[in-house]
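Given next are the chains, with one letter for each unit.
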Amino acid sequence: MEVAKVSSKGQITIPVSVRNKLKLKTGDKIVILEENGRFYFENSAMLAFKRAEDAFSGEAKKAGFATEEEMQDYMKEIRNA
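Note that the coordinates shown come from a computational prediction; the quantities given were computed from them, not determined experimentally.

**Q** Tell me what's going on with the pairing of strand 1 (residues 30-35), and back it up with residues and numbers.
**A** In this structure, strand 1 lies alongside strand 2 (residues 38-43), joined through 6 bridges in antiparallel fashion. Within strand 2, the residue paired with I30 across the bridge is N43.

This is how it looks when you write it as structure tokens:
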């Protein structure tokens, strides 16, 4: 467990160990999520990547590609057309 203090401006400093786990760097944005009265912080870029990954999950298979290599070969073919 980590503790952060709220300043008079409502700002907090995220402890280094938490920043490292969230892979946060200076200038990064965080998303604050609420679930059942609990709040969670996530790196906004990582959350966006996860959501995009989930959205595309299984699409290659639906398109008829059995392997990643097949899909890459097809993309190369399109680029050379």
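**Q** Go over the pattern of salt bridges, please, and point to the residues and values.
**A** Using the criterion set out here, one finds 2 salt bridges in the structure. When the shortest N-O distance is used, the salt bridge between E42 and K50 registers 3.3 Å.

**Q** Which residues make up the environment of G37, and what are the values?
**A** Looking at the element boundaries, G37 is found in the loop between strand 1 and strand 2. Taking the C-alpha atoms as reference points, G37 and K5, separated by 32 residues in sequence, lie 20 Å from one another.

**Q** Describe helix 2 (residues 44-56), with residues and values.
**A** Between its first and last C-alpha, helix 2 extends 18 Å over 13 residues, near the 18 Å set by a 1.5 Å rise per residue. Structurally, the start of helix 2 carries an N-cap: the backbone nitrogen of A45 is 3.0 Å from a side-chain oxygen of N43.

**Q** Can you explain a nonpolar patch on the surface? Please cite residues and give values.
**A** Side chains of V6, I12, I30, I32, F39 and F41 sit close together on the surface and give an oily, nonpolar patch of about 550 Å² of accessible area. Elements supplying a minimum of two residues to the nonpolar patch: strand 1 and strand 2. Inspection of the secondary structure puts I30 in strand 1.

Cut-offs used in this document
- Residues numbered from 1 in each chain as written.
- Predicted model: local features only at pLDDT ≥ 70, side-chain atom pairs only at ≥ 80, totals over all residues.
- Heavy atoms only, no water.
- Pairing = 2+ DSSP bridges.
- Helix = DSSP H or I, 4+ residues; strand = E, 2+ residues; numbered from the N terminus.
- Salt bridge = Lys/Arg side-chain N within 4 Å of Asp/Glu carboxyl O.
- Expected span 1.5 Å × (residues − 1).
- Polar contact = N/O pair within 3.5 Å; in protein donor to acceptor, adjacent residues only side chain to side chain.
- Patch = residues over 30% accessible without salt bridge, like charges linked within 9 Å, V, L, I, M, F, W, Y side chains within 5 Å.
- Areas by Shrake-Rupley, 256 points an atom, 1.4 Å probe, with all protein chains shown as cover.

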